[in-house]
Amino acid sequence: MDKTEVTEMPITFEKGRLNVFNAAGFIFGIMFQVAIGTAIYVNLNRDVAEIRQAQRDGRIIAEKNNDDLKAQVAPVPQMKFLQDQQAGQIVDLKTQVSDMNKRFDRMIELLGGKMDGMSESLNSLRTDVKVLAQEVRNNSDKAQKTLLTR
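Residues numbered from 1 in each chain as written. Predicted model: local features only at pLDDT ≥ 70, side-chain atom pairs only at ≥ 80, totals over all residues. Heavy atoms only, no water.

Asks: Residues and numbers for the overall build of the protein, please.
Replies: Scanning the protein for helices and strands turns up two helices and zero strands. A compact globule built from 150 residues should have a C-alpha radius of gyration of about 15 Å, whereas the protein, at 60 Å, is more than 25% larger. Its C-alpha atoms put the protein at 185 × 65 × 30 Å along the principal axes. Taking all 150 residues of the protein together, the buried fraction comes to 0%. When the accessible surface of the protein is split by element, carbon and sulfur atoms take 62% of a total near 14,900 Å². (Helix = DSSP H or I, 4+ residues; strand = E, 2+ residues; numbered from the N terminus. Rg over C-alpha atoms; globule rule 2.2 N^0.38 Å. Buried < 20%, exposed > 50% of the residue type's maximum accessible area, 1.4 Å probe, protein only. Areas by Shrake-Rupley, 256 points an atom, 1.4 Å probe, with all protein chains shown as cover.)

What follows is the structure in structure tokens.
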């Protein structure tokens, strides 16, 4: 391996001369930086103030919306009670309709039985009428024979 030697070099600063132009430039630079810092500070404060105002306005709007929402939601328990009450009425109406259907079924059965009875009565009546008509014809034939023969 190569051995390298490190030698120390002394650092020396040059002493500059201070003249009017250097001092004025230095002061002008400091004033310029202070002006920029102040402008940034003012802009940041204005932005913070605007954000705080927006937060206050947002809170006011949120509270107003919350109050409106509470006003809209306030009748919900009463609506729930009415809904439950109407559900009970619907159940009652369904049972009433079921009872009416049963009554109608009984009436239809009763009327069907009576109609069957009426149909049987009409059939027997029709048979009786046919028999009577036959007897009338027979009697009229006998009557005509006796009238002609006299």
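Asks: Which residues make up the pattern of salt bridges, and what values go with them?
Replies: Close approach of charged atoms allows side chains with opposite charge to pair. The full count for this structure, using the stated rule, is one salt bridge. Notably, a salt bridge pairs D84 with K80, separated by 3.4 Å at the nearest N-O pair. Here D84 and its partner K80 are both found in helix 2 (residues 76-149), four residues apart, which amounts to about one turn of the helix. The class of D84 is partly exposed, set by a relative accessible area of 43%. (Salt bridge = Lys/Arg side-chain N within 4 Å of Asp/Glu carboxyl O.)

Asks: So what's going on with helix 1 (residues 20-73)? Which residues, and what values?
Replies: In this model, helix 1 (54 residues) spans 78 Å end to end at C-alpha, consistent with the 80 Å of a helix rising 1.5 Å per residue. Where helix 1 begins, one side-chain oxygen reaches toward the backbone nitrogen of F21, 3.3 Å away; that side chain belongs to N19. (Expected span 1.5 Å × (residues − 1). Polar contact = N/O pair within 3.5 Å; in protein donor to acceptor, adjacent residues only side chain to side chain.)

Asks: How would you explain the environment of D105 if you had to name every residue and give the values?
Replies: Take D105: it is sitting in helix 2. With 37 residues separating them in the primary sequence, D105 and K142 have C-alpha atoms 54 Å apart.

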